[in-house]
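# Breakdown of the fold
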Amino acid sequence: MNKKAFTLVHILIIFGFIIISVLVSIFVIKNYSLSKKISKTINQHESIYRFIVAYQFMCKTSSANVLTFKTCAGNNSECKKGRIVTPGVTKISCSSKSVSAENVADYFVMHFNENGYVNYYNKKNAKIDENLKFCCLVKNSNPKKGQTYIYGDNKNNIIKITTNVGSKLSKDVYLTNTVDWPGKDFK
């Protein structure tokens, strides 16, 4: 009888160890996955900011420079709304009136969405709001997790870039950068 009790205790200990191992593994995997999303979203925000600064520098150094944007090559919702007439590549001279902060913000958003920038918090195959599928939108508010809002303010001549990178505690954490954008006064 002692042998059976001893065997049952061993089985219960092994079963408990397996359950604890599974729970710890699930926690570690979930935590790693979330850390990866946060890291990728931060890197994407920095990439967007650097790209916009580079374009601003191009126009500051010479009004003869031309900004090139990838627009409407895919099935982007901005393109469906008819905002861009010619799909493919859009080129804007730094001396053009179209290079105002407000106008160029639209082009930046389309360019990033068309070039594979994504919302890393977007669950594939999930039925979600159409806007959450895109990395970037033109808005002057706080974005949802994984998204970047780019807003051009002609009054203050800035482009504001705000990204919600999230946190391990499922809270919203925002990264915000602004870029001076003199608009048509680049000359």
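Keep in mind it's a predicted model, so treat the numbers as computed, not measured. (Residues numbered from 1 in each chain as written. Predicted model: local features only at pLDDT ≥ 70, side-chain atom pairs only at ≥ 80, totals over all residues. Heavy atoms only, no water.)

### Some remarks on the overall build of the protein chain
For the record, the criterion: Working definition: helices are DSSP H or I runs of at least four residues, strands are E runs of at least two. Numbering for both runs from the N terminus. It only takes one pair of heavy atoms within 4.5 Å for two residues to be counted as in contact. Residue-level accessible areas treat just the shown protein chains as cover; the underlying method is Shrake-Rupley with a 1.4 Å probe.
Along its length, the protein chain carries three helices and six strands. Start at the N end of the protein chain and walk to the C end: the helices and strands fall as α-β-α-β-α-β-β-β-β. Long-range contacts, defined here as pairs at least 24 residues apart, represent 55% of the contacts in the protein chain between residues at least 6 apart. Split by element, the accessible area of the protein chain, about 11,700 Å² in all, is 58% carbon and sulfur.

### A few points about the pattern of salt bridges
Just so we agree on the cut-off: Between Lys or Arg on one side and Asp or Glu on the other, a salt bridge is scored when a side-chain nitrogen of the former is within 4 Å of a carboxyl oxygen of the latter. Note on classification: 1.4 Å probe, protein chains only; a residue is buried when its accessible area is under 20% of the maximum for its type, exposed when over 50%, partly exposed between these limits.
Per the stated rule, a full pass over the model turns up one salt bridge. Residue Asp172 pairs with Lys145 through a salt bridge whose shortest N-O separation is 3.8 Å. Separated by 27 residues along the polypeptide, Asp172 in the loop between β5 (158-164) and β6 (174-180) and Lys145 in the loop between β3 (136-137) and β4 (148-153) bring together distant segments of the chain. With relative accessibility at 26%, the residue Lys145 sits in the partly exposed group.

### Points about the layout of surface pockets
Let me state the cut-off plainly: Cavity means a closed set of points on a 1 Å grid over the protein atoms alone, one where a 1.4 Å probe fits but cannot get out, pocket means an open set with protein on both sides within 12 Å along at least 5 of 7 lines, and lining means a residue has an atom within 4 Å of a point. Grid points are joined across faces, edges and corners, and a volume is the space filled by probe spheres set on the points. Nonpolar residues are Ala, Val, Leu, Ile, Met, Phe, Trp, Tyr, Cys and Pro. Charged residues are Asp, Glu, Lys and Arg, and all others, Gly as well, are polar.
Volume-wise, the largest pocket comes out at about 180 Å³. Together, Lys30, Ser33, Leu34, Lys37, Tyr121, Lys145, Ser167, Lys168 and Ser170 line the largest pocket. Taken together, the residues that form the lining of the largest pocket break down as two nonpolar, three polar and four charged.

### Focus on the state of the cysteines
For clarity, the threshold we go by: Put simply, a disulfide is two cysteine sulfurs that come within 2.5 Å.
Overall, the coordinates contain two disulfides when judged by the stated rule. A sulfur-sulfur separation of 2.0 Å characterises the disulfide bridge that pairs Cys59 with Cys94. The disulfide joining Cys59 to Cys94 has a torsion of about -75° about its S-S bond and is therefore left-handed. With a gap of 35 residues between them, Cys59 in helix α1 (residues 2-61) and Cys94 in the loop between β2 (88-93) and α3 (101-114) connect regions that are remote in the sequence.

### Overview of the packing of aromatic side chains
In plain terms, the rule: Two rings belonging to Phe, Tyr or Trp (six-membered ring only in the last case) form a pair when the distance between their centres is within 6.5 Å. Interplanar angles under 30 degrees mark stacking, angles over 60 mark edge-to-face geometry, and anything in between is tilted.
Within this structure, the stated rule accounts for 10 aromatic pairs. Between Phe69 and Phe108, the ring centres sit 5.3 Å apart and the planes meet at 80°, which makes this aromatic pair edge-to-face. Highlighted residues: Phe69 in strand β1 (residues 66-71) and Phe108 in helix α3, separated in sequence by 39 residues. Ring geometry for Phe108 versus Phe112: centroids 6.2 Å apart, planes at 15°, classification stacked. One end of the pair, Phe108, and the other, Phe112, are both in helix α3, four residues apart, so they sit about a helical turn from each other. For Phe108, a relative accessible area of 0% puts it in the buried group. Clustering of aromatic rings is evident, with ring pairs tying together Phe51, Tyr55, Phe69, Tyr107, Phe108, Phe112, Tyr117 and Trp181.

### A short note on the sheet that holds β5
The condition is simple: Here a strand pair is declared whenever DSSP counts at least two bridges between the two strands. Only C-alpha atoms enter the line fits that serve as axes; for helices the fit covers just the stretch in contact. Angles between N-to-C directions range over 0 to 180 degrees.
Strands sit in the order β3-β4-β5-β6 across an open sheet of four strands; the sheet is mixed. Each end of this open sheet is capped by a strand with a single partner; those strands are β3 and β6. Pairing between β4 and β5: six bridges, direction antiparallel. Across the sheet, residue Gly152 finds its bridge partner in β5, namely Ile159. Relative to β4, α3 is tilted by about 160°, and along the sheet it contacts β3, β4 and β5.

Interpretation note: all reported values are geometric properties and have no functional meaning in isolation.
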